[in-house]
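Here's the letter readout for the chains.
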Amino acid sequence: MLSRPKPGESEADLLHFQNQFLAARASPAVTIVKKADKRKGEEGSTDAERPRLQDSKDVVMLDDFPDVLPALTPAPPKKSKIKSASVHFEDEDPEERLERHDQHITAVFSKIIERDTSAVAVTIPVPTGDPFPRTFHRSEIKSEVKVGSGRKSIFAQKMAARRAAEKAATSPSAAECVQTRSAALDALDPEGSAGEAPLPIIGGDKASDILTSQWPCLITGEGLGSQKSEQEAQAIHRENLEKLRSMSEEEILQEQERLLAQLDSSLVAFLKSRRGGNEGQKKELKMEQNRLEEFVESLPVAQHGVGSSLSMQESRLEESVKKEENMKVEITDDDLPVKPKKEWIHMDNVEFEKLEWMKDLPSPRQKKTKKGMQARFSLKGELIPADADLPTHLGLHHHGEEAERAGYSLQELFHLSRSQVTQQRTLALQVLGRIVQKARAGEFASSLKGSILRLLLDAGFLFLLRFSLDDTVDNVMAASVGALRALLVSLDDEKYLDWTFSWYQGMAAFPFVPNNEEEEEEEEEELNVTEKSQDKKLKDENKPDPDVARYDVVKGLLKTRIQHRLRYILEVVRPVPTVVLDILHILTHIARHSSEACSQLLDCPRLIETIVREFLPTQWDPQVAEPGCLLTSLHGVACATAMKFIRVLASGGRNATARLLNKFEMKSRLSRFIAEDPLDLLLPREEAIRLSTEAFRLWTVAAGYGQACDLYRDLYPVLVRILQSLPELLSTCRGKSPLTELSVQRATAVVTLLIHVTQTAGYTVELQAKLSSNSSEDSEQIPPPPVVWNQVSGLHPFLETSLKKFLQEISQTETWHTLQPLTTTYMIYLGVYYRACSQQPSVNPIDCLEELERLTSEVLQPLLSQPAIHSMWDLLRACSALCNPLSCSPAPESVFSIASLSCTGGKPPLSLVGSKSPFPFLTALLFLINSITHIHKGLTSKYSSVLGFRGLKDYLHHSWQTGPPSVTPSSAWILRHEYHLQYFVLALARRMFPVPLERYTSPPEDNLNLLRLYFRTLVTGALRHTWCPVLYVVAVAHVNRFIFSQDSRTQETDAARKSMLRKTWLLVDETLKKHLLYYRLLNAESPLGFDLYEQLPPMRLKYLQMVTQKENKENAPALVS
């Protein structure tokens, strides 16, 4: 066996090993194969078909390896269009290849036409004594040489002077010109010329002037391509003159008018400028006119007509030239801001047109005119007045349109945003973002016509921002994120949503879906809600992104997968804290849009994981809590805005909350940020309180769905400690601490959490009973929550004691104003607690009634007699949205494709959600009174004084007279809180003054719009029996009578009745379907408030089958017992 080479052996040793290998005749480990050239056209050729070349390449073949590398991606075979013409082989003879491609010389030179050089004069170079040709210096240009347009360079002026000299050298003699002219004039009137004396010969300078005037002004002959181009141009000019001389004055004027009507105005202006472009031509024109006048005077009278016509044409041409020259502003040394000096280099010949831009700008227009002007903005996004004369050092002037006006227009900013210069793109996006923010605040409403937001969106501003988000430059990305936040998010809207979170039913907010859908066709109305949503989703998927964004901006952005790009920026780019906060605000607004948007955010890979990991960590650097610490990065630090985004995302539904708590480990984050006091968190004081507040709100949302209640047992000592410290807020309010408002918001969030935990614990016994009584064959059952009544009832004494202390401060305006949100939640808690307590089998009913009597006599009745409460009732009308419809009108810059609550700039104090609004507290008070009177009916008379307040009566009287405002996201959100108060007032009035239900259902309703409203609220779930039983009964009764009515109505009413019946038949909600079809009579003793048919009467069954096109009786609905 041959040994292998070892380290240290020389080249001679390797040659020795090679000789041994060849002598042993052993088989090699590899085989040398000559690879066929893949570029050769013939297939199947082998090396045996042609001799081996000496310079052929060797290819090493290894076992179990393919000859050709496998393709990474399936790609189509490449085809070369010039393969046959460019590929050749090494063994191919070059001479044969040349002969094969050679063509005759005629194929190349057959179409060449030689130039005629017979008339070209051959000149011999002038001998000089210099070794090189003499150089040209621009100082040699004659000063008297003038250019035609006055805007030619020095080189062009030199060439023009050279052409003028050559033209003068090759001009015909004066005698020939005079003879030609005299012959032409004789041809004008042969008879006159025969009888008169011969024309005088004009010699000297006069002959030279006439000769020069006979050359054409427009035709030069340069494009003819021959040596006799000037002679050809002269011949053409002579033909034109002969044509003019053969025409009368009227014919010339008619032809001139016809040409002016047919030719373009710009072309006519160009021709006129060529005719009289410089001062020399004007002087020449004047001199020629004088010669013509003298010459015409010497002619016979018969020839004066033509002469006068020519003179008229020349005078008109001179006038047009004068007008054009007057329009031009001559520039002199005095007009320039810098006076050129002779000693300056290259400034001996001043080119004024190149220095014109250095002149001072004209002053902007001072007088106000009716004509609108283009809006211009400063770099801060502020609108610059049209007559503002700002200095140029501010950087607001440029060389675009209206250079004298400072600022940038929207069109110029759009153009600048697509610049190749990074700083220009960044600046344009920043300015556009500031303009949008100020526009949404209403700063331009009184100054500009139309809506800036609509104009920007129509111009593609949304997708400009989306494209800029994909930029690789960090500054451009940051600017686009800021502009997108200004377009979508209203921080004031978020502020008021947080303010109303602890109101009665304030946690549930309407989705931010634009309400701009058109009324559906009759065929589409027959589809049920599920089919409609699926069909609409398919339509949106098939539409282009701009079409979807035109009616819903958020949905359009989600189609562009913006959540993936924002995740990339947060995870990979890791921007500065300002950009991070803007992204979190954008994601929060998207989450408020709909439950579908929440699902898309949850499904985005690594988005929620990145936010939880980077901005809600359990540990971070303690230096961020030091005073004066400037955060350069928000990554790795707990952030209240991130917790708020998770809370809003959890509001998207029960499933979203479960995924956040379990999959994304939000339970551990809740325990981390709730168990520790905000003073102990290693964060700035305000940020720590906000983070703790948002953690309690997230827990509140989860507890509302019956989730995360197991944390209640673990964090019970923390909750008790917080409740014990609530009375200390009184001293904090009196001390006017800057953190008082944040501390009250945190305490309000804690009490709101206890409201939902208490409500959930109140259903535990009921759910356990249903779970044990129902068989396994039934559908899915709701498991009882892991919290029982005994665990929540112990917190009631703490809250009631705090309520009594806070109510004592109601006469102190400032203190009460600060503590009113917390007192409102106390009222709601007591109402929820006593309603749930009365239904617990472990609670003695007598003890519960005695507690209600004690609460009425010791707390509520003294409260109702306070003067401050009387003032609150008086403020109802002033703060009502029904009495003041303009208070919930859309903002001036609101667009239908972006849902907004129109809170930008803040709401007035005397408004429903204003700081002085009595609605939240009075609604909570009425809710507590209704809960008490519902449990203890004997106490109803104790609260009869509520209905006697003059302010309440005045408010109800005016709210019924004024029509409701238009339905917008803002009005729907505000009126929802106002309707709560009205409902509790009516419920209390019904218990004092019982009214038979028949008074609400008789006579049958005949208002078609009201019937449609009844039906819509029932089908959409906005009106439910558990929420408002009286109104539910009234709506069901009226709708049932309408759909089965046989009264003769109009065609519109009949179509609406049949459509409503078909929709009822197709309802997915079987309970509502049964109520609407089988309603029989009112019955106050029934739990539903009405009785149902066990089986439809024959007449109704027949009519139902006819309308729904069901012929078989077995398809008729049957009551399930």
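Asker: Give me the lowdown on the overall build of the chain, citing residues and values where you can.
Answerer: Each helix and strand counted, the chain has 52 helices and six strands in total. By sequence separation, contacts in the chain at least 24 residues apart represent 71% of the contacts at least 6 residues apart. Working note: accessible area of the chain is about 66500 Å², and carbon and sulfur atoms make up 53% of it.

Asker: Can you lay out the pattern of salt bridges for me, pointing to particular residues and giving the numbers?
Answerer: Tallied over the full model, the rule gives 30 salt bridges. The partner of Glu-255 in a salt bridge is Arg-258, and the shortest N-O contact between them spans 2.2 Å. Taken as a pair, Glu-255 and Arg-258 lie in helix 10 (residues 249-262) at a separation of three residues, close to a single helical turn. Judged by its relative accessible area of 38%, Arg-258 is partly exposed. For Asp-498, the salt bridge identified is with Arg-697, shortest N-O distance 3.9 Å.

Asker: Just give me the short version of a nonpolar patch on the surface, but keep the residues and values in it.
Answerer: On the surface, a nonpolar cluster with roughly 310 Å² of combined accessible area is contributed by Leu-259, Leu-263, Leu-267 and Phe-270. Locating Leu-263 in the fold gives a position in the loop between helix 10 and helix 11 (265-275). Taking the relative accessible area as the measure of exposure, Leu-263 reaches 34% and is therefore partly exposed.

Asker: Describe the nonpolar core, with residues and values.
Answerer: The biggest cluster of nonpolar side chains holds 195 residues, and the ones touching the most others in it are Phe-461, Ile-608, Trp-699 and Met-827. Per element, the largest residue contribution to this core is 13 residues, and it comes from helix 40 (residues 813-837). Apart from residues no more than four positions distant in its own chain, Ile-608 is found in contact with Leu-601, Leu-602, Phe-645, Ile-646, Leu-649, Leu-660 and Phe-664.

Asker: For the packing of aromatic side chains, give the residues involved together with the corresponding values.
Answerer: In total, this model carries 17 aromatic pairs according to the counting rule given. Between the aromatic rings of Tyr-504 and Phe-984, the centroid separation amounts to 5.2 Å while the plane-to-plane angle is 75°, which identifies the pairing as edge-to-face. A residue pair is termed long-range when its members are at least 10 positions apart, and Tyr-504 in the loop between helix 20 (491-499) and helix 21 (522-525) and Phe-984 in helix 46 (residues 969-992) qualify at 480 residues. In this structure Phe-984 comes out as buried when scored by relative accessible area, which is 5%. A centroid spacing of 5.2 Å and a plane angle of 75° characterise the contact between Tyr-833 and Tyr-834, whose relative ring orientation is edge-to-face. The ring centre of Phe-501 lies 5.1 Å from the NZ or CZ of Arg-647, which sits over that ring. For Arg-1057, the ring lying beneath its charged end belongs to Phe-1042, and the centroid distance is 6.0 Å.

Asker: Any details on the environment of Gln-768? Residues and values, ideally.
Answerer: Tracing the sequence through the fold places Gln-768 in helix 37 (residues 764-773). Judged by relative accessible area, which is 41%, Gln-768 ranks as partly exposed. Considered as a pair, Gln-768 and Pro-785 are 17 residues apart in the sequence and their alpha carbons are 9.3 Å apart.

Asker: Hey, could you go over the confidence of the model for the chain for me, with residue numbers and the actual values?
Answerer: Averaged over every residue, the pLDDT of the chain is 79; the share at 70 or more is 74%. The model gives residues 71-75 a pLDDT under 50, and that stretch makes zero contacts with residues more than four places away or in other chains. Here residues 173-213 scores under 50 on pLDDT; set against residues more than four positions off or in separate chains, the count is 41 contacts.

Asker: With reference to specific residues and values, describe helix 27 (residues 595-603).
Answerer: Taken as a whole, helix 27 has its buried residues at Ala-597, Cys-598, Leu-601 and Leu-602. What you see down the axis of helix 27 is that its buried residues fit within an arc of 140°, all on one side.

Asker: So what about the packing of helix 26 (residues 577-591) against helix 27? Which residues, and what values?
Answerer: Across the interface, helix 26 lies against helix 27 with an axial gap of 8 Å and an inter-helix angle of 135°. On the basis of their axis angle, the class for helix 26 and helix 27 is oblique. Contacts from Leu-587, Ile-590 and Ala-591 in helix 26 reach Ala-597, Cys-598 and Leu-601 in helix 27. When the residues that make up the contact of helix 26 with helix 27 are grouped by side-chain class, the tally is six nonpolar, no polar and no charged.

Asker: Describe helix 40, naming the residues involved and giving the relevant values.
Answerer: Its 25 residues place the ends of helix 40 34 Å apart at the C-alpha level, agreeing with the 36 Å of an ideal helix rising 1.5 Å per residue. For helix 40, the principal kink sits at Gln-820 and spans about 50°; a proline, Pro-821, occurs within the next four residues. Among the 25 residues of helix 40, 19 are classified as buried, and the element is accordingly described as predominantly covered.

Asker: Provide a residue-level description of the environment of Arg-405, including the pertinent values.
Answerer: Along the polypeptide, Arg-405 turns up in the loop between strand 4 (383-384) and helix 15 (410-417). When the C-alpha atoms of Arg-405 and Thr-392 are compared, they prove to be 10.0 Å apart, with 13 residues separating the residues in sequence. Excluding residues within four positions of it along the chain, Arg-405 makes contact with Met-373, Gln-374, Arg-376, Ile-384, Ala-386, Leu-396 and His-397.

Asker: Talk me through the side chain of Ser-417; I want residue IDs and the actual numbers.
Answerer: With respect to the secondary-structure elements, Ser-417 resides in helix 15. Owing to a relative accessible area of 1%, Ser-417 belongs among the buried residues under this scheme. Looking at Ser-417, its side chain comes within polar contact range of the main-chain oxygen of Phe-414, at 2.6 Å. Not counting residues up to four positions away in its chain, the partners in contact with Ser-417 are Arg-425, Ala-428, Leu-429 and Leu-464.

Asker: Mind laying out the packing of helix 15 against helix 16 (residues 422-440), listing which residues take part and the relevant values?
Answerer: Packed helix pairs are specified by the crossing angle of their axes together with the interaxial distance, meaning the distance between the axes. Between helix 15 and helix 16, whose axes approach to 7 Å, the crossing angle comes to 140°. With respect to helix 16, the axis of helix 15 lies oblique. Between helix 15 and helix 16 lies a crossing of left-handed hand. Residue-level inspection shows Leu-410, Leu-413, Phe-414, Leu-416 and Ser-417 of helix 15 in contact with helix 16, the latter providing Gln-424, Arg-425, Ala-428, Leu-429, Val-431, Leu-432 and Ile-435. Counted by class, the contact of helix 15 with helix 16 contains nine nonpolar, two polar and one charged residues.

Asker: Could you give an account of unusual backbone geometry, naming the residues involved and the relevant values?
Answerer: Ser-1002 connects to Pro-1003 through a cis peptide bond whose omega is 0°. In this structure, Arg-561 is a non-glycine residue whose phi angle is positive, near 60°. By secondary structure assignment, the location of Arg-561 is in the loop between helix 24 (553-559) and helix 25 (562-573). Positioned with a positive phi, Ser-902 is a non-glycine residue whose angle comes to about 55°. The residue Ser-902 is located in the loop between helix 43 (876-879) and helix 44 (919-935) in this model. Residue class for Ser-902 comes out buried when judged on its relative accessible area of 12%.

Asker: Go over the state of the cysteines, please, and point to the residues and values.
Answerer: Should the sulfur atoms of two cysteines be covalently bonded, the bond is a disulfide. In the structure shown here, the tally under the stated rule is zero disulfides. This cysteine, Cys-848, is not joined by any disulfide, and Cys-837 carries the nearest cysteine sulfur, 4.2 Å off.

Definitions and limits used
- Residues numbered from 1 in each chain as written.
- Predicted model: local features only at pLDDT ≥ 70, side-chain atom pairs only at ≥ 80, totals over all residues.
- Heavy atoms only, no water.
- Helix = DSSP H or I, 4+ residues; strand = E, 2+ residues; numbered from the N terminus.
- Contact = heavy atoms within 4.5 Å.
- Areas by Shrake-Rupley, 256 points an atom, 1.4 Å probe, with all protein chains shown as cover.
- Salt bridge = Lys/Arg side-chain N within 4 Å of Asp/Glu carboxyl O.
- Buried < 20%, exposed > 50% of the residue type's maximum accessible area, 1.4 Å probe, protein only.
- Patch = residues over 30% accessible without salt bridge, like charges linked within 9 Å, V, L, I, M, F, W, Y side chains within 5 Å.
- Core = buried A, V, L, I, M, F, W, Y, C linked by side-chain atoms within 4.5 Å.
- Phe/Tyr/Trp six-rings, centres within 6.5 Å; stacked < 30°, edge-to-face > 60°.
- Lys NZ or Arg CZ within 6 Å of the ring centre and 35° of its normal.
- pLDDT = per-residue confidence, 0-100.
- Arc of directions from axis to C-beta.
- Axes fitted to C-alpha atoms, helices over the stretch in contact; angles between N-to-C directions.
- Parallel < 35°, antiparallel > 145°, perpendicular 65-115°, else oblique.
- Nonpolar A, V, L, I, M, F, W, Y, C, P; charged D, E, K, R; others polar.
- Expected span 1.5 Å × (residues − 1).
- Bend = angle between axes of the 7 residues up to and from the residue.
- Polar contact = N/O pair within 3.5 Å; in protein donor to acceptor, adjacent residues only side chain to side chain.
- Left-handed = near helix turned anticlockwise from the far one by under 90°.
- Disulfide = S-S within 2.5 Å.

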